[in-house]
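# Coordinates in review
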Amino acid sequence: MTAGSGQVYVVTGGCGFLGSHLVRMLLEHEKNISEIRVFDLHLDESLRTLSNDRVRVRLISGDISRLADVQEALHGSHLVIHTASLVDVWGRVPASKITEVNVTGTENVLQACKEEGVQYLVYTSSMEVVGPNIHGDHFYRGNEDTEYRIYHKEPYPLSKAKAEKLVLEANGIKIKGGKMLYTCSLRPTGIYGEGHELMKQFHRQGLRTGRCVFRALSPAIEHGRVYVGNVAWMHLLAARQLQIHPSTLGGQVYFCYDSSPYKSYEDFNMEFLSACGFKIIGSRPLVPYFLLYLLALLNVLLQWVLHGFITYAPILNPYTLAVASTTFTVQTDKAEKHFGYQPLYAWEEAKMRTITWVKSLEVSGKDLKDVDEKSNYCCS
Ligand SMILES: NC(=O)C1=CN([C@@H]2O[C@H](COP(=O)(O)OP(=O)(O)OC[C@H]3O[C@@H](n4cnc5c(N)ncnc54)[C@H](O)[C@@H]3O)[C@@H](O)[C@H]2O)C=CC1
Ligand SMILES: C[C@@H](CO)CCC[C@@H](C)[C@H]1CC[C@H]2[C@@H]3[C@H](O)CC4=CC(=O)CC[C@]4(C)[C@H]3CC[C@]12C
């Protein structure tokens, strides 16, 4: 197939952690496309070099919260994978900004699909549209039909839930040209893998404490995690099958899952950090929960006091502590039944790829040596 004869896919947020893996996945495994439009507010020019003689990778700088930008990006396209989002549970950006990008941005994508006659939309939602809630209700090996006390107060999960509702309600609406729009929503659990910004923070934090991770969470609390390559693969398959079986996938939600083990958030991270000489201290939490909660509250107070001077947004706050301390794992085969999804990467390969990347942080971080020397390894 020569470039130009295939379909045009748009990936919003295509320069992000998941988005960039998705672009590479489409290039490698999707033979029906001739152009991938990478729509993002912050362009990663390295993606432009991925173009080949079959597929053109076209970077489009734009703001999802501006309808005109979205309309221009979608003009003449066939399908949209909408991953652009402000992923913030730390108070880095105002709630209004999160709503503007995640909700209004999604409204703009839907409006543009309608006006530009784009028939297919795959939305990247999140486990957060379900939970865990801050009441400590565990979601243990649940699926898309599991009853759960959903309770949203935080801007991010609220915005993802509202956006997903808009996407699902738009399934079947009439679009330009008299056709119908078909939509589906994918809900990843905690995504890990090459390029995960949060892992970089945990790695750097651990270097400062002599490659020691001081256990703060109960090892009994399981947190679902899914490898970024498998999330990208599920998006590709959903996009492909939504076109072939729109009545099956249209209006449906699917958890993103693979064979990553069910572990506490800290123990899961140690699957990778231990390969860099990190050690977790303590077989159970080293400090009582109430002290952790007080520390989280102190972080909120400091964020408030420093607001306007600096953006103080530490990993630990009452919300992230509540989420981290509540089991949320999925066990489902809905994606397999509906569109033949099987993880592309087994756990061992996902683990090896992630470890290789974490190890590269050790090589690339020029200040790591200083941190190591200053921290005097506590766990030799
Ligand atoms: N990271 C995780 O553990 C999980 C992420 N998700 C979802 O996956 C998707 C991707 O998340 P990540 O890759 O982790 O985040 P990310 O922050 O790495 O990527 C998001 C991308 O969206 C872009 N973006 C932000 N605001 C924009 C705007 N106004 N206009 C255009 N582009 C804009 C950013 O520049 C970035 O490239 C998001 O929808 C997120 O809600 C869902 C479950 C878990
Ligand atoms: C108490 C700390 C001691 O080490 C550990 C704190 C871990 C938290 C920062 C993370 C625990 C669970 C994570 C969230 C979860 O994976 C669900 C998510 C889905 C998304 O769509 C975005 C990210 C996140 C909210 C994720 C954020 C980080 C945690 C709260």
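Attention in this report is confined to the structure presented alongside it. Keep in mind that this is a model prediction, so the values were computed, not measured.

## Some thoughts on the overall build of the protein chain
Scanning the protein chain from terminus to terminus reveals 13 helices and 13 strands. Here the C-alpha atoms of the protein chain give a radius of gyration of 21 Å, agreeing with the 21 Å that 2.2 N^0.38 yields for 380 residues. Over its C-alpha atoms, taken along the principal directions, the protein chain stretches across nearly 65 × 45 × 45 Å. Classification of the 380 residues of the protein chain by burial places 53% in the buried group. In the protein chain, 80% of the contacts between residues at least 6 apart in sequence involve partners at least 24 apart.

## Thoughts on the site of ligand 2
Around ligand 2 sit 18 residues, and of these Ser-126, Tyr-156, Gly-190, Glu-266 and Ile-315 come closest. Contact between ligand 2 and Tyr-156: an oxygen atom at 2.6 Å from a side-chain N or O atom of the residue. Glu-266 places a side-chain nitrogen or oxygen 3.1 Å from an oxygen atom of ligand 2. Protein chains shield 89% of the accessible area of ligand 2, which is 630 Å² for the free molecule.

## Quick notes on the side chain of Thr-124
Here Thr-124 is to be found in strand S5 (residues 120–124). For Thr-124, the side chain forms a polar contact with the side chain of His-235, separated by 2.7 Å. In this structure, Thr-124 is in contact with Leu-18, His-82, Thr-83, Lys-160, Leu-186, Pro-188 and His-235, ignoring residues within four places of it in sequence.

## Comments concerning a nonpolar patch on the surface
Together, Phe-214, Leu-286, Val-287, Tyr-289, Phe-290, Leu-291, Tyr-293, Leu-294 and Leu-297 make up a nonpolar patch on the protein surface, roughly 840 Å² of accessible area in all. Top element by residues in the nonpolar patch is helix H9 (residues 289–306). It accounts for 6 residues. Relative to the helices and strands, Tyr-293 is located in helix H9.

## Some remarks on the site of ligand 1
Taken together, 25 residues surround ligand 1, and among them Phe-17, Leu-18, Asp-40, Ile-64 and Tyr-156 come closest. Elements with a contribution of two residues or more to the shell around ligand 1: helix H1 (17–29), helix H4 (155–169) and strand S8 (190–192). In terms of residue class, the shell around ligand 1 is built from 11 nonpolar, 11 polar and 3 charged.

## Some words on the environment of His-29
With respect to the helices and strands, the residue His-29 is situated in helix H1. In the structure, His-29 is positioned 207 residues away from Leu-236 in sequence and 8.3 Å away in space, judged by C-alpha atoms. The contact partners of His-29, leaving out residues within four places of it in the chain, are Trp-233, Leu-236, Arg-240 and Leu-344.

## Points about the pairing of S5
The element S5 is largely enclosed, with a buried count of 5 among its 5 residues. In this sheet, S5 lies alongside strand S4 (residues 79–82) in parallel orientation, the contact comprising 4 bridges. Considered in S5, the bridge of Leu-79 is made with Tyr-120. Remark: the S4/helix H3 (residues 95–116)/S5 crossover connection has right-handed handedness. Examined bridge by bridge, S5 and strand S7 (residues 182–188) share 5 bridges and lie parallel to one another. What sits directly across from Val-122, in S7, is Cys-184.

## Description of the state of the cysteines
A full pass over the atoms with the stated rule returns 0 disulfides. Looking at Cys-113, it has no disulfide partner, and the nearest cysteine sulfur is the one in Cys-184, 12 Å off. Free of any disulfide, Cys-184 has its nearest neighbouring cysteine sulfur in Cys-256, separated by 9.8 Å.

## What about the sheet that holds strand S11 (residues 252–256)?
Strands sit in the order S3-S2-S1-S4-S5-S7-S11 across an open sheet of 7 strands; the sheet is parallel. Among the strands making up the open sheet, the edge pair consists of strand S3 (56–61) and S11. Across the sheet, the mean angle from the axis of one strand to that of its neighbour is 20°, orientation sign disregarded. Across the face of the sheet, H1 comes into contact with strand S1 (7–12), strand S2 (33–40), S3, S4 and S5 while running at roughly 175° to S2.

Here is what the cut-offs are and how they apply
Residues numbered from 1 in each chain as written. Chains lettered and ligands numbered in written order. Predicted model: local features only at pLDDT ≥ 70, side-chain atom pairs only at ≥ 80, totals over all residues. Heavy atoms only, no water. Helix = DSSP H or I, 4+ residues; strand = E, 2+ residues; numbered from the N terminus. Rg over C-alpha atoms; globule rule 2.2 N^0.38 Å. Buried < 20%, exposed > 50% of the residue type's maximum accessible area, 1.4 Å probe, protein only. Contact = heavy atoms within 4.5 Å. Near = heavy atom within 4 Å. Polar contact = N/O pair within 3.5 Å; in protein donor to acceptor, adjacent residues only side chain to side chain. Areas by Shrake-Rupley, 256 points an atom, 1.4 Å probe, with all protein chains shown as cover. Patch = residues over 30% accessible without salt bridge, like charges linked within 9 Å, V, L, I, M, F, W, Y side chains within 5 Å. Salt bridge = Lys/Arg side-chain N within 4 Å of Asp/Glu carboxyl O. Nonpolar A, V, L, I, M, F, W, Y, C, P; charged D, E, K, R; others polar. Pairing = 2+ DSSP bridges. Right-handed = clockwise from strand over helix to strand, strands pointing away. Disulfide = S-S within 2.5 Å. Axes fitted to C-alpha atoms, helices over the stretch in contact; angles between N-to-C directions.

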